[in-house]
Amino acid sequence: MIGAEGEQLGIMPTFQALDLARAQGLDLVEVAPNARPPVAKMLDYGRFKYEQSKREREGRRRQKGASLHQVKMRPNIGKHDMDAKARTAARLLRNGDKVKISIMFRGREITHRDIGQERIQEMLETLDENEVPTVIEKPISTEGRFMSIIVAEDKVKAKAIADAKAATAEASEAAG
């Protein structure tokens with residue numbers, strides 16, 4: 001039996017523990033039913049449930065859902081610009097966000113969709129080279145003048161890469 005302030009009250013029969021809790025205007029709650037003997041605690045159950053729900057709300061408020069960011073390009077993008085867009089996408093993916101990679105076509109460029117697919121493939125390869133493994137959330141699709149794909153970081157492969165880096169760092173540290 002545990003008291004309202006957390007003090008040990010010792011082993012006592014259930015009816016005696018109930019009488020003691022009622023005398024103090026509290027509830028008797030079983031906290032460890034599988035223990036021998038079972039452990040019970042005196043507390044205000046309504047207040048306990050309120051504080052528990054308050055903690056859960058606070059936890060949900062602090063959770064951050066993955067948001068979707070967009071990286072736009074044109075089919076005739078230069079190498080340096082492509083690298084800059086890849087660095088931006090890599091940073092967003094490492095932060096746990098999803099990235100929509102879009103190719104914007106103008107005028108007659110829309111007839112060369114194969115070039116747009118090549119640019120998207122180049123972006124994915126650049127991300128892999130930068131050790132940001134990706135998983136495709138939504139495959140390449142065309143919507144009007146835009147061709148896009150949605151990717152997220154592959155957590156399993158990212159962890160494997162981080163573990164491999166740590167192992168090589170430890171090995172080089174031990175050798176040097």
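As a reminder, the structure under discussion sits directly above these lines.
A quick note: this is a predicted structure, and the numbers were derived from the prediction, not measured. (Residues numbered from 1 in each chain as written. Predicted model: local features only at pLDDT ≥ 70, side-chain atom pairs only at ≥ 80, totals over all residues. Heavy atoms only, no water.)

S.K.: Quick rundown of the sheet that holds strand β3 (residues 68-73)? Include the residues and the values.
M.R.: Here we have four strands laid out as an open sheet, ordered β3-β4-β6-β5, and mixed in their pairing. On the outer flanks of this sheet lie β3 and β5 (134-143), each paired with one strand and no other. Neighbour to neighbour, the strand axes of the sheet diverge by 20° on average, direction disregarded. When β5 meets strand β6 (residues 146-153), the two strands line up antiparallel, connected through seven bridges. Across the sheet, K138 pairs through a bridge with I150, a residue of β6. (Pairing = 2+ DSSP bridges. Helix = DSSP H or I, 4+ residues; strand = E, 2+ residues; numbered from the N terminus. Axes fitted to C-alpha atoms, helices over the stretch in contact; angles between N-to-C directions.)

S.K.: Can you tell me about unusual backbone geometry, naming the residues and giving the values?
M.R.: Most peptide bonds take the trans configuration, and most residues that are not glycine carry a negative phi. Backbone torsion omega between R36 and P37 reads -10°, so that peptide bond is classified as cis. Looking at the secondary structure, you find P37 in the loop between β1 (27-32) and β2 (39-43).

S.K.: Lay out the pattern of salt bridges with the relevant residues and their values.
M.R.: Going through the model one piece at a time under the given rule, you end up with nine salt bridges. A salt bridge links K138 to E143, with the nearest nitrogen and oxygen atoms 3.0 Å apart. (Salt bridge = Lys/Arg side-chain N within 4 Å of Asp/Glu carboxyl O.)

S.K.: Give a description of the environment of R74 that names residues and reports values.
M.R.: Residue placement: R74 occurs in the loop between β3 and α3 (79-94). Note on R74: relative accessible area 22%, which makes it partly exposed. In sequence terms R74 and F105 are 31 residues apart; their C-alpha atoms lie 6.4 Å from each other. Setting aside chain neighbours within four positions, we find R74 in contact with I103, M104, R106 and E109. (Buried < 20%, exposed > 50% of the residue type's maximum accessible area, 1.4 Å probe, protein only. Contact = heavy atoms within 4.5 Å.)

S.K.: An account of the nonpolar core is requested, with residue identities and associated values reported.
M.R.: Membership of the largest hydrophobic core comes to 21 residues, with the highest contact counts inside it found for M73, V99, I101, I120, M123 and V151. The dominant element in this core, judged by the number of residues it contributes, is α3, at six residues. Setting aside residues no more than four positions away along its own chain, V99 makes contact with L68, H69, V71, A89, L92, L93, I149, I150 and V151. Judged by nonpolar contacts, the second largest core, of six residues, contains M1, A17, A40 and M42. (Core = buried A, V, L, I, M, F, W, Y, C linked by side-chain atoms within 4.5 Å.)

S.K.: Give me the lowdown on the pairing of β2, citing residues and values where you can.
M.R.: In this sheet, β2 lies alongside β1 in antiparallel orientation, the contact comprising five bridges. Along β2, the bridge assignment pairs V29 with K41. Hairpin geometry of β1 and β2 is characterised by an intervening segment of six residues between the two adjacent antiparallel strands.

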